[in-house]
Amino acid sequence: MRRPRLLATLAVMAALSGSAWAAPLFPDVPDNHWAKDAVAALAAKGLVEGYPDGTFKGDRAASRWEVAMIVARLLAKMEQEHATFATKAELGELRKLVDALREELEALGVRVTNLEENVSRLDKRVTELERITFYGQIVTRAGFQNFKNTGRAEMRGAPGPATVPYTSTVGTAVGAGGLLLAPSPGAGLPYNQFVVGVPGVTDWLHGRPLTNGATFTARADLGVNIKVSPDIDAGAEFSAYTSQGDQVVDAFWGVTPAYQSNVFTGTSSSGLGIAGAATQPLNNFPNTRMTLDHIWVQHKPSGTKLVLGSFSTTDYDPMVYAPEPNPTVGGPARLDSFGVQVKGRVPLEEGDKPMAFSWEVIGTKLADGNIDLVTTNSYFNHAEGLNLGLHFDEDRGVARFNFLHAANDASSGQALGVGMINFPNLVLGWVNPAGNYINQLGAGTLTAGIGSVTDVRPVPMAGATDGITGVPGTLNVGGIGPQSQNSWGGSVRYTFDNEYKPWVYGEYAHSTYTPSRNSNYSVGGNLMRVGAGASFFEERVNVDVNYLKVDPTYDPFVLQFPTVAGITTPYWRIPDLNQYWNLYSLHDTGTYPQNRQGIRANLGWKFSDTGKLNVSYGNLDQVRTSLQDVRFSTGALGAGIPNTPVLGFSPGFMDPAFLGFSQFTFAPSGGNTLAIPLENRRGNLEQFTVSASHKFLLEEGSQRGVTLSGLYLNDHWRRNSTLSGLVAGAPGLRGESENFVNFTIAGANASVGYDVTDNFHLTAAYTQLDVFGHIDPLGVYSNFAAATGSTRFKNWDITQHIPELAFNWDVTSNTSWGVDMKYYIETDHLPASLTPSPTLPSLNVALPVQTAHPFNYSGYQIMSTYSLKF
């Protein structure tokens, strides 16, 4: 054994005995010596001693006897304290020292055989400890937001008292999209631009409601990994969550809770203002609670893994299944699934990346806020299915097959009544096709209505009517459910191995949907996408072009976001509006929007090591126009068939932007006043987005710099109408105002980021969102059109300015703290002379003409987020 310098030897010993800590040093050990802490630690533990004169003499060579003495003391200390801090690697080094110093240790009276036994016991103890490892994180968010009215004081009837007091509404759940309250004539109607003519208080950057209040939420996750055997690993994860701030602010702007504590993963609406709807019976309302989030077991030789509880990723193609979008800002884009997941991957040949077969089976609960307006009952919603994959050519190619079954079942021991999903149908406008009317089926059990177990119609009605435009003041909306749907599809993607890395892909899926299990009615729909792309200039430029076609009847399974405090617009899909404002779908409607066909293209350019530019463009037409396929006036099919007018879509039609044509669009024929469409225009959506960023480095060899970034987007919907030239007078003008669409959502963002240090970052940003144009599918402004003889006026024209200042401090590699401050200024450019007449034909409620504009507000939001990982 060579005679190493003593300080170097002690540094190794310190590594074996634990981390160093501050202690008085020998006077001859310099403060700036690299081994100072090692000497201090060993001296404090009693493993080394100095000379009688108090010095250490660390620069001299260590004798074998000195090293042996330190090793002996270290072994005794480890045995005495059970030394659970050592790792297997450190014990291996210790064994080498024991073997090398065997003679000296025995001469000191230390039996090496005993040491071997002690070290062996320590080795087993360490191995046992390393079988179980822990990890976790803590995230807290605290903040405050406050908004106030800066425009008109109130919405007023003409003539009449105030119907909505803006000053006391801004900052409340009502003003953010909740239900209007008495004594307003519109009590019970959603506060929504499409319903009352005035937009709610909304962050148009994220499409989320804004209310006054403070937020304090915290989430702590603790996970454990266990090596059960050489072939089996297992683990579990626990999650604790507390919600101590305002209910609405916590839900939309706090920390995203785990599945079992999340208000948006419930099964019924909360606070809709309906008796019995203030709780979520199948979801514990979050306050402070801890849950077992999930457990898992993996068999390594077969690559099989079982998860019980929540799971965040699946191998499904998103055209068939994508989990619920997350309404909470700042969290993951989608919430977890919850149920059971089993998946595996089996190699089919030898090699580093062999051809392989993958498989996955899932069963998951589906969150749903639907609740029957009549019985206040709801369904339990679930989905299950499998997907299979073939991976080939070193994973350059993947082919996949997907299948998913979704259904409604009885909830909380209730009878499986029909038609309990009716609130969304106020906008969907689904009605019964011919052959399903009362006088065709006979009044009785077959037409017993919503909540019964015997009604066989696809859309059971709340009253003894066939349509949704019956007696004024009567709730004649139809209901859906219990639904069922089967979806299946296949995809293939391949990347060629050459200079340009070109890729091609194709996807196809089909769904079959039944709106009520009691009915023999079902509808099918298809989805198809093909595309190709390549990389150029050493992969600095990427181009992708694809053609998309999705039927309006693909995946129409109706799922509503569970609501908070009655806010019926929890998630505006900004900027594409590819989903109804209170619903979500089983597939990814952002990538695969329903009732759209056309071209999308994307160009990405990395123009420097720290700079990039991205441009995307889309031009999509409706696959099928929004012409209602069910159009019968009273008695058009015979005496009392139907017994009320029926105008709407057979169940399954989905188009969240281009809703159905006005009732004034149709002319009579053969005793049916709704028989002949006078126009049938196809809608179009054009999308353009460009974003860029570049980081200017401040010094060579450092990542500190100034980052400039910007974004511009423009989504424009168009559908022409010339109905006023085909139908004389007020009816033509009213109908054209509803049919005509010329609507834009545009936005721009610019930001500057500055790295003050490697760990402290400042960001200043400014965002402007403009929502303007004409879109009035429910005829809120049709009376104004008739009175003025105009149909090209703007009924949306708002601008929102959002200056922002933020910082983020990476306190350590696992700890960060940040603060984000925003100020909102929303300006309504519409004149006070623009008077809406709020109405919802499905509810047969008409309000007086109202003076509503301008509706302006401003306010601020301050959020602080702290996170710790371990």
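Scroll up to find the structure this text is about.
Residues numbered from 1 in each chain as written. Predicted model: local features only at pLDDT ≥ 70, side-chain atom pairs only at ≥ 80, totals over all residues. Heavy atoms only, no water.

Comments concerning helix α12 (residues 729-739)
Among the residues of α12, Gly-732, Leu-733, Gly-735, Glu-736, Ser-737, Glu-738 and Asn-739 are the ones counted as buried. Of the surrounding secondary structure, the elements contacted by the buried residues of α12 are β27 (705-719), β28 (741-755), β29 (760-774) and α13 (782-788). (Buried < 20%, exposed > 50% of the residue type's maximum accessible area, 1.4 Å probe, protein only. Helix = DSSP H or I, 4+ residues; strand = E, 2+ residues; numbered from the N terminus. Contact = heavy atoms within 4.5 Å.)

Looking at the nonpolar core
By size, the foremost hydrophobic cluster in this structure holds 93 residues, and its most contacted members are Trp-430, Trp-717 and Phe-743. Looking at this core element by element, the count peaks at 5 residues for helix α9 (residues 247-253). Here Trp-717 is in contact with Pro-575, Asp-576, Leu-577, Ala-657, Phe-658, Asn-684, Leu-685, Val-741, Asn-742, Phe-743 and Ile-745, once residues within four sequence places are set aside. (Core = buried A, V, L, I, M, F, W, Y, C linked by side-chain atoms within 4.5 Å.)

Focus on the pairing of strand β15 (residues 503-514)
Successive residues of a regular strand alternate their side chains across the two faces of the sheet. Of all 12 residues that make up β15, 9 are buried, and the element is covered over most of its length. Note: strand β14 (residues 484-495) against β15, 12 bridges, orientation antiparallel. Opposite Asn-486, over in β15, you have Thr-512 as the bridge partner. Pairing geometry for β15 and strand β16 (residues 523-536), over 11 bridges, is antiparallel. Of the residues in β16, the one forming a bridge with Glu-507 is Arg-529. (Pairing = 2+ DSSP bridges.)

A short note on the pairing of β27
Direction of pairing for strand β26 (residues 684-697) relative to β27: antiparallel, over a ladder of 14 bridges. Among the inter-strand pairings, Phe-688 is bridged to a residue of β27, identified as Asn-714. One ladder, built from 14 bridges, connects β27 with β28; its direction is antiparallel. The residue of β28 that forms the bridge with Trp-717 is Phe-743.

Some points on the pattern of salt bridges
As enumerated under the stated definition, the model contains 21 salt bridges in all. Put simply, Asp-409 and Arg-517 hold a salt bridge, and the shortest N to O gap is 3.1 Å. In this pair, Asp-409 sits in strand β13 (residues 397-410) while Arg-517 sits in the loop between β15 and β16, placing the two residues 108 residues apart along the sequence. By relative accessible area, which is 24% here, Asp-409 ends up partly exposed. Close ionic contact of Asp-609 with Arg-540 constitutes a salt bridge, the shortest N to O distance being 2.9 Å. Within this pair, whereas Asp-609 is found in the loop between β20 (596-608) and β21 (611-621), its partner Arg-540 is found in the loop between β16 and β17 (541-550), the two being separated by 69 residues in sequence. Counted as one network, the salt bridges with shared partners bring together Asp-393, Glu-394, Arg-396 and Asp-497. (Salt bridge = Lys/Arg side-chain N within 4 Å of Asp/Glu carboxyl O.)

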